[in-house]
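# Working through the structure, step by step
The lines below spell out each chain.
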Amino acid sequence: MIKRRLEVCYTALQAIYYASCAFMCGYGSYILVSIGYDSATVGIILSSACLLSFVVNPFIANLSDRSKKYNIFTIGNIIAWVSFFLCIYASFQSIVSIKTTISFILLRASVSVIEPFINSIPGKLEENGVEIKFGVGRSIGSLSYAIFSTIAGFLTEIYPYQIVYVLNIAAYIIAILTYFFLKRSYNALPEAIEREKEETITYSEFVKRHSIFIALCVALVGIYVGYVMVDNLMILIIDNVNGTESEMGLILGIKALVEIPIIFFYDKLEKRFSNEVLLKVAAFGFAIKSLLMYLAKSTTLMFVAQVFQPFGLALMVPSFVSFINRIMDKKEAVRGQSLFVMAQILSTIIATLCGGKIASAYSVSAMLLFAFTVNIISSIAFCLLLKKCK
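An account of the accompanying structure is given in this report. (Residues numbered from 1 in each chain as written. Predicted model: local features only at pLDDT ≥ 70, side-chain atom pairs only at ≥ 80, totals over all residues. Heavy atoms only, no water.)

## Some thoughts on the packing of aromatic side chains
As a reminder of what qualifies: Pairing of aromatic rings covers Phe, Tyr and Trp, the last counted by its six-membered ring, and requires centre-to-centre distances within 6.5 Å; plane angles under 30 degrees mean stacked, over 60 mean edge-to-face, and any other angle means tilted. Only DSSP runs of H or I with at least four residues qualify as helices, and only runs of E with at least two residues qualify as strands; both kinds are numbered from the N terminus onward. Type-normalised accessible area, obtained with a 1.4 Å probe on protein chains alone, sets the label of each residue: buried when under 20%, exposed when over 50%, and partly exposed for intermediate values.
Under the counting rule described, the total for this entry stands at twelve aromatic pairs. Ring centres of Phe213 and Phe320 lie 5.8 Å apart, and the angle between their planes is 20°; on these two criteria the pair is classed as stacked. Here the residue Phe213 occupies a position in helix α10 (residues 211-232), and Phe320 occupies one in helix α16 (residues 313-327), the gap between them amounting to 107 residues. The exposure class of Phe213 is buried, given its relative accessible area of 1%. For Phe320, a relative accessible area of 0% gives the class buried. Judged by centre distance (4.8 Å) and plane angle (50°), the rings of Phe320 and Phe340 are tilted. Of the two residues, Phe320 sits in helix α16 while Phe340 sits in helix α17 (residues 333-361), which places them 20 residues apart along the sequence. Here Phe320 matches Phe340 in class, with each residue buried. Chaining the aromatic ring pairs together yields one cluster made of Phe213, Phe320, Phe323, Phe340 and Phe382.

## Looking at a nonpolar patch on the surface
Test applied: Patch construction takes residues with relative accessible area above 30% that form no salt bridge. Like charges are linked within 9 Å, and nonpolar side chains (Val, Leu, Ile, Met, Phe, Trp, Tyr) are linked within 5 Å. Using a 1.4 Å probe, accessible areas were evaluated by the Shrake-Rupley method; residue-level cover was limited to the displayed protein chains. The term salt bridge refers to a pairing of a side-chain nitrogen on Lys or Arg with a carboxyl oxygen on Asp or Glu at a separation within 4 Å.
A cluster of nonpolar side chains, namely Ile173, Leu177, Phe180 and Phe181, defines an oily patch on the protein surface of about 370 Å² accessible area. Mapped onto the elements, Leu177 comes out in helix α7 (residues 162-187).

## A look at the environment of Tyr161
In plain terms, the rule: Whether two residues are in contact is decided by their heavy atoms, any of which lying within 4.5 Å being enough.
The topology assignment puts Tyr161 in the loop between α6 (134-156) and α7. Exposure remark for Tyr161: the relative accessible area of 8% places this residue in the buried category. Residue contacts for Tyr161: discarding those within four places in its chain leaves Tyr30, Ile31, Ser34, Ile35, Gln93 and Ser94.

## Concerning the side chain of Ser83
By secondary structure assignment, the location of Ser83 is in helix α4 (residues 72-91). With residues up to four places along the chain from it excluded, the contact list for Ser83 reads Leu107, Ser110 and Tyr172.

## Details of the packing of helix α5 (residues 98-126) against α7
Rules: Axes here refer to lines fitted to C-alpha atoms; in helices the fit is confined to the stretch in contact. Angles between the N-to-C directions go from 0 to 180 degrees. The cut-offs work like this: below 35 degrees is roughly parallel, past 145 is roughly antiparallel, 65 to 115 is roughly perpendicular, and the gaps in between are oblique. Two helices that cross are described as forming a left-handed crossing if the nearer one is turned anticlockwise from the farther one by less than a right angle, and a right-handed crossing if clockwise.
Taken N-terminus to C-terminus, the directions of α5 and α7 make an angle of 25°; their axes are 13 Å apart at the nearest point. In terms of their interaxial angle, α5 and α7 are classed as roughly parallel. Viewed along their axes, α5 and α7 form a crossing whose handedness is left-handed. Side by side, α5 and α7 meet where Phe104, Leu107, Ser110, Val111, Ile114, Phe117, Ile118, Ile121, Lys124 and Leu125 of the first sit next to Tyr165, Asn168, Tyr172, Tyr179, Leu182 and Tyr186 of the second.

See the structure below:
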């Protein structure tokens, strides 16, 4: 009965988290533009939010792994409460100002800060004999993102931009309640309280013990840079092959849909194939898709390229989360998951800064060639490091 409650709560938490991502990530620029920020300032604000979360993530993760008083459920709930109040405050900021800017940056950064705690929950529960299927929860999260993005899009045509904040406030209320039930169910497990008292290690010791893993995360940054560059500047690529906005929408829709099955059935895939094999497939899945995007002279090959989406991002996320939970001790897991999130954030910052500049200075084809080159080199390095990372 407890296991069933934990499974339901974790799946609900993934769904709510990705609903919040849909609101604050998918519609973040829409909110800022609606308030009155110009496009250049919007880019600066979004980049600032990424930088803040990149800096804050390791400190909060270290606190979680070392604290004997606050576990991942408690800290996750605290972040949810802080985000809830930030969202209420931000919803009342309707003009371009420092207060509006700061409240948005803090709120947007909190989305990335909470992710490592969510990813660490399956590993923590598994220590207590409760196996949670990460893939199922994560696939529901992807589905939730698609559904709530659509809902938000429909509502923003009827109501002012504040409706996005209202939706996000509702999401955080549900997240807070979900964390409450998760923690209560976890504390009902026989050995949970005793496990919280076990020894921890410092961040410097963590870095020393996992130097190869950190190098692996650096290689992951390179893999993601190529992917994010293509994903964020899709409109430029579509224009380059004389495609239309409707074709771009269809490509993005296909990309989201094809991800869901492989994430949903990831746990079964991991039982059949080793985690290392799946990670290697994922690394080169990114590279193959990037190559096809570079070779595309029409939208036809771009549609074909989406076939490799499940073997890239969709496979990498659950594989890497599972890999971290397997190689890390129980009091290191949040720091490990935090490094994964930081790699994604750093790749977004680099891709955003470099992609547009390469396309402007040279061409879209040059940008795609750069994305593929970074992808393939990073994929090779990733696979070589993976053999040494135990």
